[in-house]
Amino acid sequence: MPTYDYVCDACEYEFELFQSITADPEKKCPKCGRNKLRRLIGPGAAIVFRGSGFYKTDYRSESYKKAAAADTPASASSNGKANGKADGKTEGKAKSATKAKDS
């Protein structure tokens with residue numbers, strides 16, 4: 001069940017109310033007793049599942065996994081080139097290590 005925000009237009013009292021989705025909005029302010037209560041529309045909340053055991057992390061397509069794996073070494077080698085520390089020998093070793101992993 002969601003939590004709704006309410007505000008009274010008469011006394012400006014703001015509060016949250018835990019109620020069913022199918023329940024009618026409240027009209028009477030619990031503080032002043034007037035029928036000037038209105039439900040505020042909020043941004044809502046997104047549900048995020050983290051960790052293993054969820055579709056987002058465990059059941060990705062093979063093409064996505066390959067693209068993610070290809071993206072990681074590319075960013076690592078570009079960091080080395082930006083620092084001026086990359087040479088042909090280092091890149092050759094990285095490529096042979098990658099080939100060994102794929103085998």
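Everything here concerns the structure above.
So, a few notes on the structure that sits alongside this text. Keep in mind that what you see is a predicted model, and the values were worked out from it rather than measured.

Another aspect to go through is the state of the cysteines. Across all of its chains, the model carries zero disulfides by this definition. Its sulfur unpaired, cysteine 8 is 3.7 Å from the next cysteine sulfur, which belongs to cysteine 11. What makes cysteine 8 buried here is its relative accessible area of 1%. Free cysteine: cysteine 32, not disulfide-bonded; nearest cysteine sulfur from cysteine 8 at 3.7 Å.

The pairing of strand S1 (residues 3–8) with strand S2 (residues 14–18) spans five bridges and is classified as antiparallel. What sits directly across from aspartate 5, in S2, is glutamate 16. Taking the residues that link successive antiparallel strands as the turn, the S1-S2 hairpin has five residues, and the phi of glutamate 12 there is positive, at about 60°.

Within the largest apolar cluster, six residues are counted, these being Tyr4, Tyr6, Cys8, Phe15, Cys29 and Leu37. Counting residues per element, this core draws most heavily on S1, which supplies three residues. For leucine 37, the residues in contact, after removing those within four places along its chain, are Tyr6, Val7, Cys8, Phe15, Glu26, Lys27, Lys28 and Cys29.

Next up on the list: the packing of aromatic side chains. Considering all chains together, one arrives at two aromatic pairs under this definition. Taken together, a centroid distance of 5.6 Å and an interplanar angle of 15° make the contact between tyrosine 6 and phenylalanine 15 stacked. Judged by its relative accessible area of 0%, tyrosine 6 falls in the buried class. The interplanar angle of 25° and the centroid separation of 5.3 Å between the aromatic rings of tyrosine 13 and phenylalanine 15 together place this pair among those described as stacked. Site record: aromatic cluster; members linked through ring pairs are Tyr6, Tyr13 and Phe15. Its guanidinium or amino end placed over the ring of tyrosine 4, arginine 39 lies 3.9 Å from that ring's centre, counting from NZ or CZ.

Reading the values: rules and limits
- Residues numbered from 1 in each chain as written.
- Predicted model: local features only at pLDDT ≥ 70, side-chain atom pairs only at ≥ 80, totals over all residues.
- Heavy atoms only, no water.
- Disulfide = S-S within 2.5 Å.
- Buried < 20%, exposed > 50% of the residue type's maximum accessible area, 1.4 Å probe, protein only.
- Pairing = 2+ DSSP bridges.
- Helix = DSSP H or I, 4+ residues; strand = E, 2+ residues; numbered from the N terminus.
- Core = buried A, V, L, I, M, F, W, Y, C linked by side-chain atoms within 4.5 Å.
- Contact = heavy atoms within 4.5 Å.
- Phe/Tyr/Trp six-rings, centres within 6.5 Å; stacked < 30°, edge-to-face > 60°.
- Lys NZ or Arg CZ within 6 Å of the ring centre and 35° of its normal.

Don't take any of this as a statement about function, it's just geometry.
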